[in-house]
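Topology and contacts: notes
Listed below are the residues making up each chain.
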Amino acid sequence: MTRHVVQYSGGIGSWATAQRVAAEYGPHDLVLLFADTLVEDPDLYRFVSEAAGQLGVPVTRVADGRTPFEVFWHQRFLGNSRYAPCSEFLKQRPCRSWLETHADPADTVLYVGIDWSEQRRTAAIERGWAPWTVTFPMCDPPYLTKDEMLDQARAAGVEPPVLYELGFGHNNCGSLCVRGGHQHWARVLEIFPERYAEAERQEQELRAELGDVAILRDRSGGRTRPLTLTEFRERQESLREISAA
Ligand code: SF4
């Protein structure tokens with residue numbers, strides 16, 4: 001009996017992956033493995049639970065018990081687009097720990113929801129999850145865009161996660177992903193000013209401890225330097241004032 005373990009993140013790619021795996025193997029040996037970072041958008045839990053309920057499979061939740069900023073404090077490192085220790089400690093390690101306890105590599109297949117547009121990442125992901133076998137059903141035809149997957153969820157009777165509706169490319173960490181770039185954080189500021197303010201406050205606290213670190217980088221004028229969320233917000237506010245004048 002092969003056990004089929006889907007990395008069930010709350011993203012639409014992992015939803016579509018679970019659909020394909022369930023269609024091929026049925027729900028009986030299917031595990032929907034969800035790593036909770038404790039800062040997810042409330043609607044992610046609704047989506048994860050409704051979609052799992054449709055498949056008749058309970059969600060298997062794992063959690064480190066810390067938030068991303070708590071990891072940054074413990075690691076004395078503020079995550080950013082180049083290195084995000086939160087991903088390792090809050091997602092990869094809890095999932096690996098669950099696999100070590102519950103899933104023999106000899107009869108387990110792990111499914112990751114990246115799609116054909118991200119195919120260059122598959123080799124590194126396979127290496128990272130060794131000795132488990134990893135496959136990527138959304139890299140196989142029929143090739144679907146994210147919008148097509150969102151449409152499929154609607155057609156299946158599950159309303160997609162609200163972050164997609166609000167224009168975010170991913171449904172994780174309540175929009176506050178430290179891997180996001182300027183465009184992403186401008187959207188956070190516009191759509192969730194209170195979440196942005198909280199991230200800005202926590203970044204300032206870490207700076208008081210660690211020095212000149214920041215989630216974002218400024219690359220203007222031929223040099224690269226940390227760009228704080230405070231400075232980025234002030235820039236965005238100035239731009240808004242200019243365009244409103
Ligand atoms: S989604 Fe972003 S902030 Fe959240 S754990 Fe992953 S890298 Fe860190």
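Residues numbered from 1 in each chain as written. Predicted model: local features only at pLDDT ≥ 70, side-chain atom pairs only at ≥ 80, totals over all residues.

Quick look at the site of the ligand
Which entries qualify depends on this criterion: Near, for a residue, is defined by distance from a backbone-placed C-beta atom to a molecule or strand, with 6 Å as the limit that must not be exceeded. Under the DSSP-based scheme used, a helix requires at least four consecutive residues in state H or I and a strand at least two consecutive residues in state E, with every element numbered from the N terminus. When residues are sorted by character, Ala, Val, Leu, Ile, Met, Phe, Trp, Tyr, Cys and Pro go into the nonpolar class, Asp, Glu, Lys and Arg into the charged class, and all the rest, Gly among them, into the polar class.
Around the ligand, a shell composed of 13 residues is seen, among which Ala 84, Cys 86, Asn 172, Cys 173 and Cys 177 lie nearest. No other element matches the four residues that helix α4 (residues 85-102) contributes to the shell around the ligand. Here the residues of the shell around the ligand are counted per class, giving seven nonpolar, four polar and two charged.

Focus on the packing of helix α3 (residues 68-75) against α4
What counts, and what does not: Simply put, an axis is a line fit to the C-alpha atoms, just over the touching stretch for a helix, and the angle between two N-to-C directions goes from 0 to 180 degrees. Crossing handedness is read from the near helix: turned anticlockwise from the far helix by less than a right angle, it gives a left-handed crossing, and turned clockwise, a right-handed one. Residue pairs are scored as contacts if the distance between their C-beta atoms, which are placed from the backbone, is within 7 Å.
Relative orientation of the contacting elements α3 and α4 amounts to 115 degrees, with a least axis distance of 9 Å. Once α3 is placed against α4, the crossing between them reads as right-handed. On α4, the residues that touch Pro 68, Val 71 and Gln 75 of α3 are Pro 85, Cys 86, Phe 89 and Leu 90. Within the contact of α3 with α4, the residues separate by chemical class into six nonpolar, one polar and no charged.

What to know about the domain arrangement of the protein chain
Using the following cut-off: Throughout, the edges of the domains are those of an automatic or database domain assignment.
The domain boundaries assigned to the protein chain delineate domain 1 (3-173) and domain 2 (180-244). A separation of 28 Å is found between the C-alpha centroids of domain 1 and domain 2. Each side of the interface is counted separately: domain 1 has 10 residues, and domain 2 has 10 residues. Looking at the side of domain 1 that touches domain 2, its residues break down into six nonpolar, three polar and one charged.

As for helix α1 (residues 12-25)
Our working rule: The span one expects for a helix is its residue count, reduced by one, times 1.5 Å. To assign burial, the other C-beta atoms lying within 10 Å of each residue's own C-beta are counted, with C-beta atoms placed from the backbone; 20 or more indicates buried, 12 or fewer indicates exposed, and intermediate counts indicate partly exposed.
Helix length check: α1 (14 residues) gives 20 Å between terminal C-alpha atoms against 20 Å at 1.5 Å per residue, within 8%. Every buried residue of α1 is listed here: Ile 12, Gly 13, Ser 14, Trp 15, Ala 16, Thr 17, Ala 18, Gln 19 and Val 21. Those residues of α1 that are buried lie in contact with β1 (3-7), β2 (30-35), α2 (42-55), β4 (108-111), α6 (146-155) and α7 (162-165). Positive backbone phi, at 80 degrees, marks Gly 26, one or two positions downstream of α1.

Some remarks on the sheet that holds β4
Under the convention used in this document: Pairs of strands are assigned from DSSP output, requiring at least two bridges between the strands.
Spatial strand order, β3-β2-β1-β4-β5: five strands in an open sheet with parallel pairing. The sheet terminates laterally at β3 (59-62) and β5 (133-135), the two strands that pair on one side only. Ignoring strand direction, the axes of neighbouring strands in this sheet form an average angle of 30 degrees. Inspection of the sheet shows β1 paired to β2 by four bridges, in the parallel sense. Within β2, the residue paired with His 4 across the bridge is Leu 30.

Thoughts on the nonpolar core
Rules: Each nonpolar core comprises buried Ala, Val, Leu, Ile, Met, Phe, Trp, Tyr and Cys residues, the members being joined through C-beta atoms within 7 Å.
Judged by nonpolar contacts, the single largest core of 55 residues is most densely connected at Val 6, Tyr 8, Trp 15, Leu 32, Leu 33 and Val 48. With six residues, the top contributor of residues to this core is β2. Taken domain by domain, the makeup of this core includes at least three residues from each of domain 1 (3-173) and domain 2 (180-244). When near neighbours in sequence (up to four residues on either side) are disregarded, Tyr 8 contacts Ser 14, Ala 18, Leu 32, Leu 33, Phe 34, Val 48 and Val 59.

Focus on the environment of Leu 150
Looking at where Leu 150 falls in the secondary structure, it is placed in helix α6. C-alpha of Leu 150 to C-alpha of Asp 43: the two residues are 107 residues apart in sequence and 15 Å apart in space. Leaving out residues up to four positions away in the same chain, Leu 150 has contacts with Ile 12, Pro 160 and Tyr 164.

A look at the pairing of β2
Test applied: With the strands aimed away from the viewer, a crossover counts as right-handed if its path from the first strand over the helix to the second runs clockwise.
Burial runs high along β2: six of the six residues are buried. Along β2, one buried face is formed by Leu 30, Leu 32 and Phe 34 and the opposite face, lined by Val 31, Leu 33 and Ala 35, is buried too. Traced from β1 through α1 to β2, the parallel crossover comes out right-handed. What joins β2 to β3 is α2, and the crossover it makes is right-handed.

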